[in-house]
Amino acid sequence: MRSKPEPLVVVGVLLSAASMSVFGLWALLPAGFVDYVNYHPLNEHLVHDAGAFQVGIGAALLFALIWSDALVVTLAGFAVASGLHTMTHFLDRHLGGHGTDVPILAVFTVISLATIALRLRKKATA
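Notes on the structure in this doc start here.

Definitions and cut-offs
- Residues numbered from 1 in each chain as written.
- Predicted model: local features only at pLDDT ≥ 70, side-chain atom pairs only at ≥ 80, totals over all residues.
- Heavy atoms only, no water.
- Helix = DSSP H or I, 4+ residues; strand = E, 2+ residues; numbered from the N terminus.
- Buried < 20%, exposed > 50% of the residue type's maximum accessible area, 1.4 Å probe, protein only.
- Polar contact = N/O pair within 3.5 Å; in protein donor to acceptor, adjacent residues only side chain to side chain.
- Contact = heavy atoms within 4.5 Å.
- Expected span 1.5 Å × (residues − 1).
- Axes fitted to C-alpha atoms, helices over the stretch in contact; angles between N-to-C directions.
- Parallel < 35°, antiparallel > 145°, perpendicular 65-115°, else oblique.
- Left-handed = near helix turned anticlockwise from the far one by under 90°.
- Nonpolar A, V, L, I, M, F, W, Y, C, P; charged D, E, K, R; others polar.

Considering the side chain of Ser-112
Link 1 in the chain: Tracing the backbone through its elements, the reader meets Ser-112 in helix 5 (residues 101-125).
Link 2 in the chain: Classification of Ser-112 as buried rests on a relative accessible area of 2%.
Link 3 in the chain: One polar contact links the side chain of Ser-112 to the main-chain carbonyl oxygen of Thr-109, over a distance of 2.7 Å.
Link 4 in the chain: In this view, Ser-112 contacts Leu-75, Phe-78 and Ala-79; residues no more than four positions away in its chain are not counted.

Below is the structure:
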């Protein structure tokens, strides 16, 4: 049985998740964060990628509060980051990249989701 984390630990995790998720989601928006950070020369797609990975870290922090299985938590954080990364490549395809980027990234997202499902199913039957 999983022990309930101390309230201060929960607060720390929530604040950490919020910081990663808020800035990550902001970086995924068409403008705003890019203008705010004022790094030049600007590579809009890389900012979007960074936002995707930050949201994945924030999601993993939140998943850690509900799942005790470290592998599932890690895979779920990866799935969120990978899914958003796939989305940024699709939305930013006019900025460059390769035609194979989206399908290859999508495969890794699907693999992570399938692995989570297998792991959770195995734990449910154990």
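Focus: helix 4 (residues 70-91)
Link 1 in the chain: The end-to-end C-alpha separation of helix 4 is 31 Å, in line with the 32 Å expected for 22 residues at 1.5 Å each.
Link 2 in the chain: The N-cap of helix 4, judged by a side-chain oxygen 2.9 Å from the amide nitrogen of Leu-71 a few residues on, is Asp-69.

A word on the packing of helix 4 against helix 5
Link 1 in the chain: Interaxial distance between helix 4 and helix 5 falls to 9 Å at its minimum, and their mutual angle equals 160 degrees. With respect to helix 5, the axis of helix 4 lies roughly antiparallel. Here helix 4 runs over helix 5; the crossing is left-handed. On helix 5, the residues touching Leu-71, Val-72, Leu-75, Ala-76, Phe-78, Ala-79, Ser-82, Gly-83, His-85, Thr-86, His-89 and Phe-90 of helix 4 are Asp-101, Val-102, Leu-105, Ala-106, Phe-108, Thr-109, Ser-112, Leu-113, Thr-115, Ile-116, Arg-119 and Leu-120.
Link 2 in the chain: Per-class residue counts for the contact of helix 4 with helix 5 are 14 nonpolar, eight polar and two charged.

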